[in-house]
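Each chain is listed here by its residues.
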Amino acid sequence: MRLKNALIIAALLSLTAGTAAAEDIPIKIGVLNDRSGVYADLAGEGSVIAAKMAVEDFGADAKGFKVDILSADHQNKPDIASNISRQWIDQDGVDVIADVPTSSAALAVNEVVREKNKIFLVSGAASSDLTGAKCSPNTVHWTYDTWALAHGTGKAMVEQGGKKWFFITADYAFGQALERDTTAVIKAAGGEVVGSVKHPFPGQDFSSFLLQAQSSGAQVIGLANAGGDTINSIKQAAEFGITQGGQKLAGLLIFISDVHALGLQTAQGLVLTEAFYWDKDDGTRAFAKRFAERSGGKMPTMVHAGVYASVLHYLKAVDAAKSKDPKLVMAKMKEMPSEDPLFGKGKIRPDGRHVHDMYLFEVKKPEESKGPWDYYKTLATIPADQAFRPLDQGGCPLVK
Amino acid sequence: MQSSLSDPVPLESLREAGIPAPQRGLFIGLAAVVLLAPFLVYPIFAMKVLCFALFASAFNLLLGYVGLLSFGHAAFFGMASYISAHAARVWGWTPEIAILSGTVVSALIGLVFGALAIRRQGIYFAMITLALAQMVYFFALQIPFTGGEDGIQAVPRGRLFGVIDLANDTILYYVVAVIFMAGFLFIYRVVHSPFGHVLKAIRENETRAISLGYAVNRYKLVVFVLSAALSGLAGATKAIVFQLASLTDVHWTMSGDVILMTLIGGVGTIIGPFVGALILVGMTNDLASFGAWVTVIEGLVFVACVLLFRHGIVGVLSAWLKRPL
Amino acid sequence: MSYAYVQVAMSMFGISTNALFGQLLLGLINGAFYAVLSLGLAVIFGLLNIINFAHGALYMTGAFVAWMLLNYLGLGYWYALVIAPVAVGLLGIILERTMIRHLYRLDHLYGLLLTFGLALIIEGLFRNRYGVSGLPYVIPKQLAGGWNVGFMYLPIYRAWVIAASLVVCLVTWFLIDHTKLGSYLRAATENPRLVGAFGINVPRLITLTYGFGVALAAFAGVLAAPIYSVNPIMGANLIIVVFAVVVIGGMGSILGSIVTGFGLGLIEGLTKVFYPEAASTVIFVIMAVVLLIKPHGLFGKAG
């Protein structure tokens with residue numbers, strides 16, 4: 001274990017060789033996420049662990065960096081998120097805020113960080129507005145976004161023959177946006193949407209909507225909702241025998257932690273898009289093993305991976321800029337290509353979007369799984385240049 | 001004779017004696033605290049306390065002086081914050097007009113709620129206001145202008161009267177302090193006016209008030225609308241302070257919070273709601289990292305208040321000092 | 001003739017009669033939960049004059065007790081159906097004897113506030129321990145699967161929910177309206193002093209009533225466990241809808257609360273077909289209308 005750490009540190013040192021060690025730069029990183037609610041497993045303490053691993057792997061101590069990591073629970077509420085980040089920056093001298101799942105909370109932090117001129121490394125949030133209309137020169141959106149999920153799942157499903165879709169959509173801005181984006185993709189790929197129904201948010205009973213989906217003759221039922229709503233829809237779909245009837249469920253915002261909670265018996269056959277799977281290659285497996293040792297056996301989610309990679313890249317940029325001035329560091333982060341064992345090679349675009357490959361997965365049947373956390377088979381790899389919204393279509397004012 | 005929830009402290013003789021000298025001292029003390037606060041604590045925290053103190057005072061006007069327990073005040077607080085945020089952000093109105101528009105909308109919602117809810121008393125009144133507020137919550141969730149889950153973000157603080165830049169926390173603090181003091185003194189005036197005496201008469205014995213020829217329902221409706229408007233004023237101001245309006249403000253837990261603040265401080269006392277807001281805001285701030293324990297502690301405080309000290313902190317203090325506070 | 005007319009109307013909305021029957025049946029299932037919960041509230045209100053705000057939290061506790069019995073003791077659904085209501089009923093009895101009891105001579109609003117506080121404590125404790133993602137609870141083997149009933153695929157478990165809750169509701173109604181114990185209860189509601197003078201232990205009657213009322217909530221919780229994920233916040237939103245159901249029905253009769261519960265479930269089911277956007281608000285709209293026409297509710301007594 002030690003040896004492996006040392007090797008990674010050595011590798012990273014060699015990357016930055018030639019630059020003089022920065023003189024005692026104190027850095028405060030605030031990991032702000034959901035620690036008690038629906039996204040506590042997706043992000044939560046795991047993101048703090050991932051940030052700490054990034055600091056260690058970077059070799060902060062050896063380079064004379066003094067990195068402090070703070071964490072707090074925003075309870076998925078934008079007002080709490082905005083309060084905490086304001087207070088962190090005003091009173092605790094936090095330089096970087098990382099993670100922040102739940103789009104509403106992330107958009108709130110986005111504004112605070114822009115106003116106070118600090119740096120925001122988003123991993124957990126989904127909204128593609130963060131690099132679109134509401135993009136900020138202080139924000140990097142690392143892991144995924146709604147556009148990438150809608151396109152990944154929508155396009156690939158149509159290509160595999162799922163041409164007729166029915167949407168079950170959470171009736172609020174987020175759900176509607178997800179349905180709209182996916183519909184556009186489906187139509188462009190030659191599929192059609194035979195119907196859709198908006199369910200109250202948050203919902204408990206989805207049977208009525210599932211029944212409508214069942215009788216619609218659709219091949220794919222798209223779940224344009226999130227969290228508990230998606231989990232309940234999938235559970236009740238199993239109860240009404242929907243997947244046995246030959247229809248496929250496509251989760252537009254569902255993560256490996258949800259699959260873990262649902263169990264393979266219920267979740268089998270579900271198709272979804274993610275940016276990271278722990279069992280992808282040796283690099284991800286090595287990271288996952290170290291991570292699991294610290295998290296009580298839980299494997300890292302793509303959000304954890306994104307926190308690790310974005311914090312690592314940030315520290316490299318500070319090292320290269322020899323300063324933590326947000327403007328200089330952001331310029332360096334966008335100028336330097338990123339490289340880490342989890343996402344491979346990537347880059348940050350002018351709008352703050354980090355681009356890398358995305359993957360379309362199908363959840364295994366219980367008999368296909370070799371053990372705990374062996375959940376996905378890869379259906380397709382979506383190359384980086386197609387995985388994210390083209391730079392000129394987001395409406396980001398930073399793009400000229 | 002059952003003791004009423006709004007029955008404050010056995011101090012009737014003192015309470016009726018006009019505006020007594022001790023209260024002047026109370027106001028000066030409160031004004032001093034409000035003036036000095038930004039030098040002692042984080043100004044944004046102080047502003048939050050003032051917004052909630054005004055909200056709780058407005059709620060107390062209804063519970064403490066008419067005996068009506070509303071479980072739906074989040075609707076006024078939350079909708080006003082949406083309206084004021086939208087007016088400031090999308091229409092580019094100056095903050096004072098934005099806040100005013102939020103207040104007016106809350107007053108109108110209050111009129112509709114009030115007209116429906118005052119048909120019943122007691123727990124029915126509470127359940128009806130709760131259900132109506134839940135309707136407003138779903139409305140806020142679905143209607144596009146509120147931004148659903150995202151809320152309305154990046155609300156500009158703007159320039160007061162188009163002149164004074166509110167970006168500075170200290171300047172904004174004093175603007176909020178003026179709004180709070182104005183609302184607070186207005187409530188005090190209402191309670192101690194002839195109108196306020198009729199309200200108390202209704203609280204003590206509604207049947208007798210009716211037989212004395214008072215149009216009880218009209219009085220109740222007026223005070224309900226006033227309470228809604230002042231709650232709206234608090235919510236609208238909060239939206240400008242935090243540059244954000246979100247579902248939290250319109251969710252029913254917010255209605256529970258304002259009840260708790262009033263209860264801790266002391267129902268039917270003058271500064272009780274202020275003290276309650278200070279305690280609850282401070283508590284949620286310090287305990288934020290404990291997640292769901294905040295809910296448990298809030299629940300325990302509720303239970304303790306109801307079982308052990310129904311007059312709240314200020315109520316107990318006031319009985320001890322034999323002075324209305 | 002009229003059937004044809006209905007079909008024309010249906011096709012105008014683009015919905016087949018088959019689908020409509022399916023949706024009505026589903027509405028009835030939701031109505032079953034409303035009925036059992038509002039019945040419990042009505043029983044408690046009748047004797048204690050308290051609106052039990054903790055009802056939703058105790059419903060959730062019932063579901064959790066079922067989950068815990070299965071995961072910690074290996075006792076399945078059928079045991080839970082009996083044990084959970086008893087356990088939660090006992091918890092209710094403890095709450096009544098230690099806390100709620102002290103409020104009877106005070107304003108009824110204190111009861112509402114106390115039970116609200118209790119609801120926060122119970123929900124907070126479960127959230128701390130189990131998070132809010134929800135825990136899975138599998139449908140018991142005997143009730144798994146479904147029938148094709150022509151117009152829809154009806155999961156057997158859903159049919160069981162309707163049957164079980166109807167039976168419980170009717171037995172409760174029978175107990176209160178047609179037995180000696182029920183007559184004591186009704187008499188104690190009208191005049192506790194007089195009933196006490198007849199040598200009936202009224203405080204004990206009150207305690208047992210509260211225990212029974214919350215046991216009904218727990219029963220509904222066990223019924224809900226296999227359908228919805230077992231979740232600490234499952235009761236919080238439901239209870240507000242049930243409050244609206246209670247306001248619509250009025251606190252007049254036991255039968256009234258049962259009928260209102262099932263009826264509103266049906267109306268909500270129809271809304272989900274014709275205008276799903278309003279599904280979460282339709283009950284509140286009905287409440288507003290009923291208040292305008294009959295301020296004391298459909299089955300309520302004036303005064």
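Residues numbered from 1 in each chain as written. Chains lettered and ligands numbered in written order. Predicted model: local features only at pLDDT ≥ 70, side-chain atom pairs only at ≥ 80, totals over all residues.

**A few points about the overall build of chain A**
For chain A, the helix and strand inventory stands at 14 helices and 15 strands. Computed over the C-alpha atoms, the radius of gyration of chain A is 21 Å, within 12% of the 21 Å expected from 2.2 N^0.38 for a compact globule of 400 residues. Over its C-alpha atoms, taken along the principal directions, chain A stretches across nearly 65 × 45 × 35 Å. The buried share of chain A, reckoned over its 400 residues, is 64%. Summarising the internal contacts of chain A: among those between residues at least 6 apart in sequence, 71% fall at separations of at least 24. (Helix = DSSP H or I, 4+ residues; strand = E, 2+ residues; numbered from the N terminus. Rg over C-alpha atoms; globule rule 2.2 N^0.38 Å. Buried ≥ 20, exposed ≤ 12 C-beta atoms within 10 Å, placed from the backbone. Contact = placed C-beta atoms within 7 Å.)

**Focus: the overall build of chain C**
Check the secondary structure of chain C and you find 12 helices and two strands. What you see for chain C is a C-alpha radius of gyration of 20 Å, in line with the 19 Å of a compact globule of 303 residues. By its C-alpha atoms, chain C is 65 × 50 × 35 Å across when sized along the principal axes. Per-residue burial for chain C yields a buried fraction of 55% across its 303 residues. Here the contacts in chain C between residues at least 6 apart in sequence split such that 75% fall between residues at least 24 apart.

**A look at the interface of chain C and chain B**
With 35 residues of chain C at the interface, the matching set in chain B holds 36 residues. For the side of chain C that touches chain B, the secondary structure elements donating two or more residues are helix H5 (108-130), helix H10 (234-249) and helix H12 (282-293) of chain C. Examining the composition of the side of chain C that touches chain B, we find that 16 residues originate from one element, H5(C), more than from any other. For the side of chain C that touches chain B, a count of residues per class yields 23 nonpolar, seven polar and five charged. (Nonpolar A, V, L, I, M, F, W, Y, C, P; charged D, E, K, R; others polar.)

**Structural notes on the interface of chain A and chain C**
At the junction of the two partners, chain A supplies 26 residues and chain C supplies 26 residues. Among the secondary structure elements, those contributing two or more residues to the side of chain A that touches chain C are strand S7 (192-199), helix H7 (207-214), helix H8 (227-239) and helix H9 (256-262) of chain A. Take the side of chain A that touches chain C: its biggest share by element is five residues, from H8(A). A breakdown of the residues in the side of chain A that touches chain C according to their chemical character gives nine nonpolar, 11 polar and six charged.

**As for the nonpolar core**
Judged by nonpolar contacts, the single largest core of 358 residues is most densely connected at A:Val311 and B:Ala131. A total of 18 residues in this core trace back to one element, the largest contributor, which is helix H2 (residues 17-48) of chain C. Excluding its chain neighbours within four sequence positions, the residues that come into contact with B:Ala131 are C:Ile240, C:Phe243, C:Ala244, C:Val247, C:Phe284 and C:Met287. (Core = buried A, V, L, I, M, F, W, Y, C linked by C-beta atoms within 7 Å.)

**Some points on the sheet that holds strand S11 (residues 338-340) of chain A**
Residues and elements named next belong to chain A. The strand order across the open sheet formed by three strands is S11-S12-S13, and the pairing between neighbours is antiparallel. The open sheet has two edge strands with one neighbour each: S11 and strand S13 (354-355). The pairing of S11 with strand S12 (residues 344-348) spans three bridges and is antiparallel. Bridge assignment links Glu339 to a residue of S12, and that residue is Lys345. (Pairing = 2+ DSSP bridges.)

**A look at the sheet that holds strand S2 (residues 65-73) of chain A**
Residues and elements named next belong to chain A. Strand order in the open sheet made by the five strands is S2-S1-S3-S4-S5, with parallel pairing throughout. Two strands bound the open sheet, and with one partner strand each, they are S2 and strand S5 (139-141). Strand after strand, the sheet turns through a mean of 20° between neighbouring axes, direction not considered. Relative to strand S4 (residues 119-122), helix H4 (residues 103-116) is tilted by about 160°, and along the sheet it contacts strand S1 (25-33), strand S3 (96-99), S4 and S5. (Axes fitted to C-alpha atoms, helices over the stretch in contact; angles between N-to-C directions.)

**Structural notes on the pairing of S12(A)**
Residues and elements named next belong to chain A. Counting the residues that bridge the hairpin from S11 to S12 gives three residues. Relative to S13, S12 runs antiparallel, the two sharing two bridges. Bridging from a neighbouring strand, Ile348 pairs with His354 of S13. Here S12 folds back onto S13 in antiparallel fashion, the turn holding five residues, of which Gly352 has a positive phi close to 95°.

**Points about the confidence of the model for chain C**
When pLDDT is averaged along chain C, the result is 87; 94% of the residues meet or exceed 70. Low pLDDT, under 50, characterises residues 1-12 of chain C; the stretch is placed with six contacts to residues that sit more than four places away or in other chains. (pLDDT = per-residue confidence, 0-100.)

**Quick notes on the environment of A:Gly37**
If you trace the backbone, A:Gly37 turns up in the loop between S1 and helix H2 (44-58). Taking the number of C-beta atoms within 10 Å as the measure of exposure, A:Gly37 has 27 and is therefore buried. Put simply, A:Gly37 and A:Met53 are 16 residues apart on the chain and 24 Å apart in space, counted from C-alpha to C-alpha. Here A:Gly37 is in contact with A:Gln75, A:Asn76 and C:Val132, once residues within four sequence places are set aside.

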